[in-house]
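Each chain, letter by letter, is given below.
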Amino acid sequence: MSTETSTVAADVAALAATLDEATLAHRTTDRLTDTTDLDLPTAYRVQRAVIERRIARGEALVGVKMGFTSRAKMIQMGVDDVIWGLLTDAMLVEEGGVLDLAGHIHPRIEPEIAFLIGSPLSGTITPVEAVRAIAGVAVAYEVLDSRYANFDFTLPDVIADNASASGFGVGTWHDPDTLDLGNLGLLVEIDGRPVATGSSAAILGNPLRSLIAAARLAAEAGIELRPGWVVLAGAATAAMPLPKGAHVRVSAAGLGRAEVTTR
Ligand code: OOG
Ligand code: MG
């Protein structure tokens, strides 16, 4: 008989409560997989239950965020599968606004390309269908705050933890037809100092592929990407620690900038 298995079957509601309470208390919690058998479908059920708790507190779904769509991120985090998390209105940081980091554990920031959904998307779609469904494209940033110490997790852990989602901000929406999304230069500056550069090409070769993957994951989750929703295509560079009292500017060629000040 195997003596290797010390883990137990997942209690989805209890695991969601653990992660949600850690978020509210801004402290880390042990990796779920240390003590629980967690396959990917169950991890997504935990993620969904975490979001249902937030919805019960009055938050609304406003989109999805793709994760590990660039090699830079896969290498930084040691995982190799595209995942998603769910975005609520409470995570949206007003453009040019101030983000209070008091409610965070160990925040990081990363540059993203965001899509605004114009018509419903779900299932297997072509690049042409993806472009037609987009109402706008913008440069964006994501604030990550893993509920696990040192951002140290396995794939099921990070899926259950809503892909480390904490906050996001989006610059001005642009017409996607006027741009070649496949090679936009990206720059992250903290207090005027360049800290990361990249290209939208790092996101699956073209961030449109991330949108196509989001439509596939939506179908698997039995939902659709709805008009008005935001899809974060995934970071083009590794994430950077986000300090207090910093001014962060993320710019993309042709898309302008998204900015945030922390305190
Ligand atoms: C998980 C979230 C990954 C991205 O853009 O690749 C992600 C993490 O890095 O903690 O948001
Ligand atoms: Mg991200």
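Residues numbered from 1 in each chain as written. Chains lettered and ligands numbered in written order. Predicted model: local features only at pLDDT ≥ 70, side-chain atom pairs only at ≥ 80, totals over all residues. Heavy atoms only, no water.

Engineer: Quick rundown of the coordination of the magnesium ion (ligand 2)? Include the residues and the values.
Structural biologist: Only E110 (OE), E112 (OE) and E142 (OE) from the protein coordinate the magnesium ion (ligand 2), and they sit 2.0 Å from it. Mapping the donors of the magnesium ion (ligand 2) onto the primary sequence yields the spacing E-x1-E-x29-E. When its relative accessible area of 0% is taken as the criterion, E112 is described as buried. (Donors = N, O, S within 2.8 Å, 3.2 Å for Na, K, Ca; no water. Buried < 20%, exposed > 50% of the residue type's maximum accessible area, 1.4 Å probe, protein only.)

Engineer: Describe the site of ligand 1, with residues and values.
Structural biologist: In the vicinity of ligand 1 there are 17 residues, among which K65, F68, K73, S164 and A235 approach most closely. For ligand 1, an oxygen atom lies 2.8 Å from a polar atom in the side chain of K73. At a separation of 2.7 Å, an oxygen atom of ligand 1 approaches a polar side-chain atom of S164. Starting from 320 Å² of accessible surface for ligand 1 in isolation, the protein chains cover 100%. Counting atoms within 2 Å of the grid points, the majority share of ligand 1 lands in the largest cavity. Per-element accounting of the shell around ligand 1 gives the leading share, 3 residues, to strand 1 (residues 61–67). Class assignment of the residues belonging to the shell around ligand 1 gives a composition of 9 nonpolar, 3 polar and 5 charged. (Near = heavy atom within 4 Å. Polar contact = N/O pair within 3.5 Å; in protein donor to acceptor, adjacent residues only side chain to side chain. Areas by Shrake-Rupley, 256 points an atom, 1.4 Å probe, with all protein chains shown as cover. 1 Å grid on protein atoms, 1.4 Å probe; cavity = no way out; pocket = protein on both sides within 12 Å on 5 of 7 lines; lining within 4 Å. Sits in = over half its atoms within 2 Å of the grid points. Helix = DSSP H or I, 4+ residues; strand = E, 2+ residues; numbered from the N terminus. Nonpolar A, V, L, I, M, F, W, Y, C, P; charged D, E, K, R; others polar.)

Engineer: Explain the packing of helix 1 (residues 12–25) against helix 2 (residues 40–56) residue by residue, including any values.
Structural biologist: Here helix 1 crosses helix 2 at 55°, and the two axes come no closer than 8 Å. By the angle between their directions, the pair helix 1 and helix 2 is classed as oblique. Our pair here, helix 1 against helix 2, has a crossing hand that is right-handed. On the side of helix 1, the interface is formed by V12, L15, A16, A17, L19, D20, E21 and T23, while helix 2 contributes T42, R45, V46, A49, V50, R53 and R54. (Axes fitted to C-alpha atoms, helices over the stretch in contact; angles between N-to-C directions. Parallel < 35°, antiparallel > 145°, perpendicular 65-115°, else oblique. Left-handed = near helix turned anticlockwise from the far one by under 90°. Contact = heavy atoms within 4.5 Å.)

Engineer: Describe the sheet that holds strand 12 (residues 256–262), listing the residues and the values that go with them.
Structural biologist: Taken together, the 5 strands give an open sheet; going across it, the order is 3-12-11-7-8, and neighbouring strands pair in mixed fashion. Edge positions in the open sheet fall to strand 3 (98–99) and strand 8 (193–199), since each of these has one partner strand only. Two strands pair when backbone bridges link them, and strand 7 (residues 185–190) and strand 8 are joined in this way by 6 bridges, in the antiparallel orientation. For E189, the partnering residue across the bridge sits in strand 8 and is P194. (Pairing = 2+ DSSP bridges.)

Engineer: Tell me about helix 1, and please be specific about residues and values.
Structural biologist: In this model, helix 1 (14 residues) spans 20 Å end to end at C-alpha, consistent with the 20 Å of a helix rising 1.5 Å per residue. Inspection of helix 1 places V12, L15, A16, A17, L19, D20 and A22 among the buried residues, and these make up the whole buried set. Lining the buried residues of helix 1 we find helix 2 and helix 5 (155–160). In the stretch just after helix 1, H26 is the one whose phi turns positive, near 40°. (Expected span 1.5 Å × (residues − 1).)

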